Amino acid sequence: MSPKVVQLRLGIGACIAALFLGFLAIPTWVSSPSNVSNIVLSPTFWPYVLTGLTGLIGLGLILVGRFASPDVTPDAATETDGASWLRLAALAVIMALTMLALPRLGMVWTTMLVFFVTAILFRTRHPRVALACAILIPLGLYIFFAHVAGVAIPQGNFVRLP
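Described below are features of the structure shown in this document. What you are looking at is a predicted structure, and each value in this text was computed from that prediction instead of being measured.

**Observations concerning a nonpolar patch on the surface**
A surface patch of nonpolar side chains, amounting to about 500 Å² of accessible area, comprises L50, L53, L56, I57 and L59. A residue is classified by how much of its surface remains accessible, and I57, at 53% relative accessible area, is exposed.

Now the structure itself:
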């Protein structure tokens, strides 16, 4: 199957999922009290944001797949020499280690480590950007949820964030 067909199918699937979530699943199964003073804390706000992003990504995949040249060669993800199976096994080990590290290191530090190790495992072309994202994204989410939304984030035993 060509990358063009894969992108078109993924885009159509993402758009269908977004329509299902936005018009049926969230209104039906996510309850939201009417007296929530801050929209960011509403139980339906973030599901709708993620649904909108899923729809936009689906449209982007459809457009890119529609206008992509058909002679695109498959990349290294289609290897058949066993390296892909080794990476899959390494990812399973990373997931198991993540579950062991979460209670000891806390969610923020574990997420930083897992993000960077996974980026290296999948041979990122931009290790500095991956390192910056591995630090800034979990830290930014921690700052938002712990200090803006008032949600307690699990801390580790060794280094505690303010």
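**Digging into the environment of S2**
Its location among the elements puts S2 in the segment before α1 (3-29). The class of S2 is partly exposed, set by a relative accessible area of 28%. Along the chain, S2 and G65 lie 63 residues apart, while their C-alpha atoms are 10.0 Å from each other.

**What about helix α2 (residues 45-67)?**
Between its terminal C-alpha atoms α2 stretches 33 Å, which fits the 33 Å expected from 23 residues at 1.5 Å a residue. Those residues of α2 lying buried are T51, G55, G58 and G65. Close packing links the buried residues of α2 with α1.

**Here's the deal with the packing of α1 against α2**
It is at 7 Å that the axes of α1 and α2 come closest, and there the two elements cross at 155 degrees. On the basis of their axis angle, the class for α1 and α2 is roughly antiparallel. For the crossing formed where α1 meets α2, the hand is left-handed. Grouping the amino acids of the contact of α1 with α2 by side-chain chemistry returns 15 nonpolar, eight polar and two charged.

**Remarks on the side chain of T44**
Within the secondary structure, T44 sits in the loop between α1 and α2. A relative accessible area of 17% means that T44 is categorised as buried.

**Here we look at the packing of helix α4 (residues 107-121) against helix α5 (residues 127-148)**
Put simply, α4 and α5 touch, their axes get as near as 9 Å, and they point 155 degrees apart. Judged on the interaxial angle alone, α5 and α4 are roughly antiparallel. Crossing angle aside, the handedness with which α4 passes α5 is right-handed. For the pair α4 and α5, contact is made by V108, T111, M112, F115, F116, A119 and I120 and by P127, A130, L131, C133, A134, I135, I137, P138, L139 and Y142, respectively. Classifying every residue of the contact of α4 with α5 gives 16 nonpolar, one polar and no charged.

**Considerations on the packing of aromatic side chains**
Ring pairs (aromatic) are described by centroid distance and by the angle formed between their planes. Summed over the entire model, instances satisfying the criterion amount to three aromatic pairs. Aromatic side chains W46 and F144 sit 6.0 Å apart centroid to centroid with 80 degrees between the ring planes, which places their arrangement in the edge-to-face category. Placement of W46 in helix α2 and of F144 in helix α5 is noted, with a sequence separation of 98 residues between them. Relative accessible area serves as the criterion here: at 35%, W46 is assigned to the partly exposed category. Of the residues examined, F144 reaches a relative accessible area of 24% and is grouped as partly exposed. Taking 5.0 Å as the distance between ring centres and 80 degrees as the angle between the ring planes, the aromatic pair formed by F144 and F145 counts as edge-to-face. For F145, a relative accessible area of 29% corresponds to the partly exposed category. Three or more aromatic residues joined by ring pairs make a cluster, and in this case those are F45, W46, F144 and F145.

Reading the values: rules and limits
Residues numbered from 1 in each chain as written. Predicted model: local features only at pLDDT ≥ 70, side-chain atom pairs only at ≥ 80, totals over all residues. Heavy atoms only, no water. Patch = residues over 30% accessible without salt bridge, like charges linked within 9 Å, V, L, I, M, F, W, Y side chains within 5 Å. Areas by Shrake-Rupley, 256 points an atom, 1.4 Å probe, with all protein chains shown as cover. Salt bridge = Lys/Arg side-chain N within 4 Å of Asp/Glu carboxyl O. Buried < 20%, exposed > 50% of the residue type's maximum accessible area, 1.4 Å probe, protein only. Helix = DSSP H or I, 4+ residues; strand = E, 2+ residues; numbered from the N terminus. Expected span 1.5 Å × (residues − 1). Contact = heavy atoms within 4.5 Å. Axes fitted to C-alpha atoms, helices over the stretch in contact; angles between N-to-C directions. Parallel < 35°, antiparallel > 145°, perpendicular 65-115°, else oblique. Left-handed = near helix turned anticlockwise from the far one by under 90°. Nonpolar A, V, L, I, M, F, W, Y, C, P; charged D, E, K, R; others polar. Phe/Tyr/Trp six-rings, centres within 6.5 Å; stacked < 30°, edge-to-face > 60°.

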